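# Chain and residue survey
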Amino acid sequence: MPLILFAAPTLWPEYRDALPDALSDAGIDARITLEADPAQVDYIVYAPASPLQDFTPYTRTKAVLNLWAGVERIVGNPTLTQPLCRMVDPGLTEGMVEWVVGHTLRHHLGMDRHIVNPARVWDPTCPPLARERPVTILGMGALGSACADALRSLNFPVTGWSRTEKPGQLHGEHGLRKALSSAQILVTLLPKTPETENLLNADRLSLLPNGAVILNPGRGALIDDDALLNALDAGHICHATLDVFRVEPLPQDHPFWSHPRVTVTPHIAADSRAVTSSRVIAENVRRGEAGEPFLHLVDRALGY
Ligand code: NDP
Ligand code: OXD
């Protein structure tokens, strides 16, 4: 019977029933525990806030199963030699699609003008149709591609950019410049890696059309904060809706809080959901026990 260490104690109340149920549905008879002799642990279910940082004693552990999609806080851990799987959870994806579509529609329809209108201005200007509002998504993985599908179903013309060449998408520096230059709404859904840090610097932000809007539910480090503030102050970027930050919680004195062109959401774009993510964990434990390849294995060299 595999021994699973649930090394995310604060999340245990959410997973206490869902994880055993999912394991049992997958035909796995496992013991799940919050504390164990490291030498006996077969799998570790992990969240970045976990106190577990030294993986050296976990000599028989077949995989570390991350509860988060982003792995930047664990991927570089030098003691981690076990396979690391990130989370691709239908519940998390659904949440991200809702956040991205919701915030895209807010800006596309100019909702703020009507929600806060103390001067009672009667401005009957109709917004353009979605088909006239190009959206670019940087990062076309599990989350970016689901958001692209949802936006396209509303008729937004979506340009996707990712690291590797794929049909119907852009890649590379030339592709990035092209993707930015048409983006009236830009969505950043890249992982934080050495390659993506400060990807949106002053030079690349300057390629966006005047009045562009940025939605960043990816990671704070993707955008150079000062370059973004300068572009917002200049009015070149009309608004930035930011869910993720270099330091979280966002410090009280950070200029993003008070900037009139910034909306801060507190890293709530999407969360792994216990029932659906438990099924993903259970499937990976099943695979590990059957000697099959794990799902969503992280490439340590690439960092995602
Ligand atoms: P995936 O690994 O499925 O997708 C990552 C995408 O980014 C891929 O398309 C990949 O390209 C692309 N990419 C990676 N590196 C580069 C690069 N150097 N240049 C261009 N493209 C690159 O991740 P997910 O879609 O599951 O998640 C994306 C991120 O979203 C997470 O890493 C996390 O940071 C963030 N997130 C935020 C949440 C929130 O609540 N705010 C919740 C969940 C996730 P390729 O396809 O070629 O490999
Ligand atoms: C994640 C997140 O990476 O919630 O899953 O940010």
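Everything below is about the structure shown above.
The model shown is predicted, which means the values in this text are computed figures rather than measured ones. (Residues numbered from 1 in each chain as written. Chains lettered and ligands numbered in written order. Predicted model: local features only at pLDDT ≥ 70, side-chain atom pairs only at ≥ 80, totals over all residues. Heavy atoms only, no water.)

## Describing the site of ligand 2
As a matter of local geometry, ligand 2 sits amid Trp 68, Ala 69, Gly 70, Leu 92, Arg 219, His 267 and Ala 270. At 2.8 Å from an oxygen atom of ligand 2 is found a main-chain nitrogen or oxygen belonging to Ala 69. In the environment of ligand 2, an oxygen atom lies 2.7 Å from a nitrogen or oxygen atom belonging to the backbone of Gly 70. Computed on the free molecule, ligand 2 has an accessible area of 210 Å², of which 89% lies beneath the protein chains in the complex. Partitioning the shell around ligand 2 into residue classes produces four nonpolar, two polar and one charged. (Near = heavy atom within 4 Å. Polar contact = N/O pair within 3.5 Å; in protein donor to acceptor, adjacent residues only side chain to side chain. Areas by Shrake-Rupley, 256 points an atom, 1.4 Å probe, with all protein chains shown as cover. Nonpolar A, V, L, I, M, F, W, Y, C, P; charged D, E, K, R; others polar.)

## Thoughts on the site of ligand 1
The full set close to ligand 1 counts 29 residues, and Arg 86, Thr 164, Lys 166, Asp 243 and Tyr 304 are the nearest of them. Here an oxygen atom of ligand 1 and a side-chain polar atom of Thr 164 are 2.5 Å apart. One of the backbone N or O atoms of Gly 218 is found 3.3 Å from an oxygen atom in ligand 1. For the shell around ligand 1, the secondary-structure elements that each account for two or more residues are α3 (90-109), α5 (142-153) and β7 (158-162). Taken together, the residues of the shell around ligand 1 break down into 15 nonpolar, eight polar and six charged. Residues lining the shell around ligand 1 come from more than one domain, with at least three contributed by each of domain 1 (3-89 + 272-290) and domain 2 (92-264). (Helix = DSSP H or I, 4+ residues; strand = E, 2+ residues; numbered from the N terminus. Domains from an automatic or database assignment.)

## Focus on the sheet that holds strand β1 (residues 3-7)
Hydrogen bonding along the main chain pairs the strands of a sheet, whether they run parallel or antiparallel. Overall, parallel pairing links the five strands, which are arranged β2-β1-β3-β4-β5 in an open sheet. Here the strands that pair on one side only, and so sit at the sheet edges, are β2 (31-33) and β5 (84-85). Helix-sheet contacts for helix α2 (residues 18-25) involve β1, β2 and β3 (43-46), and the interaxial angle to β2 is about 160°. Contacting β1, β3, β4 (63-66) and β5, helix α10 (residues 274-290) crosses the sheet at an angle of about 160° to β3. (Pairing = 2+ DSSP bridges. Contact = heavy atoms within 4.5 Å. Axes fitted to C-alpha atoms, helices over the stretch in contact; angles between N-to-C directions.)

## Notes on the pairing of β4
Neither face of β4 is open: one carries Ala 63 and Leu 65, the other Val 64 and Asn 66, and all of them are buried. Where β3 meets β4, four bridges bridge the pair, whose relative direction is parallel. Bridging from a neighbouring strand, Val 45 pairs with Leu 65 of β4. Bridge analysis of β4 against β5 gives two bridges, and the strand direction is parallel. Directly across from Leu 65, in β5, lies its bridge partner Cys 85. (Buried < 20%, exposed > 50% of the residue type's maximum accessible area, 1.4 Å probe, protein only.)

## Some remarks on a nonpolar patch on the surface
Side chains of Leu 109, Met 111, Ile 115 and Val 116 sit close together on the surface and give an oily, nonpolar patch of about 370 Å² of accessible area. Considering the arrangement of structural elements, one finds Leu 109 in helix α3. (Patch = residues over 30% accessible without salt bridge, like charges linked within 9 Å, V, L, I, M, F, W, Y side chains within 5 Å. Salt bridge = Lys/Arg side-chain N within 4 Å of Asp/Glu carboxyl O.)

## Thoughts on the nonpolar core
Inside soluble globular proteins, nonpolar side chains tend to come together where they are buried. Among the nonpolar cores identified, the biggest contains 30 residues, and Leu 138, Trp 161, Leu 186, Leu 208, Ile 214, Leu 228 and Phe 256 are the most heavily contacted of them. Counting residues per element, the ones that place at least two in this core are α6 (172-181), β10 (212-216), α8 (225-233), β11 (237-242) and β12 (262-264). When residues of this core are assigned to their parent elements, the largest contribution, five residues, is made by α8. For Leu 186, the contacting residues outside a window of four places in its chain are Thr 136, Leu 138, Leu 180, Leu 200, Leu 208, Val 213, Ile 214 and Leu 215. (Core = buried A, V, L, I, M, F, W, Y, C linked by side-chain atoms within 4.5 Å.)

## Some words on α10
When the terminal C-alpha atoms of α10 are compared, their 24 Å separation across 17 residues agrees well with the 24 Å that a helix rising 1.5 Å per residue should span. All buried positions along α10 are accounted for by Ala 274, Thr 276, Ser 277, Ser 278, Val 280, Ile 281, Ala 282, Asn 284, Val 285, Arg 287 and Gly 288. One or two residues past the end of α10 sits Gly 291, with phi positive at roughly 70°. (Expected span 1.5 Å × (residues − 1).)

## Section: the pairing of β7
Where burial is concerned, most of β7 is hidden: four out of the five residues are buried. Following the chain from strand β6 (residues 135-138) across α5 to the adjacent parallel β7, one finds a crossover that is right-handed. (Right-handed = clockwise from strand over helix to strand, strands pointing away.)

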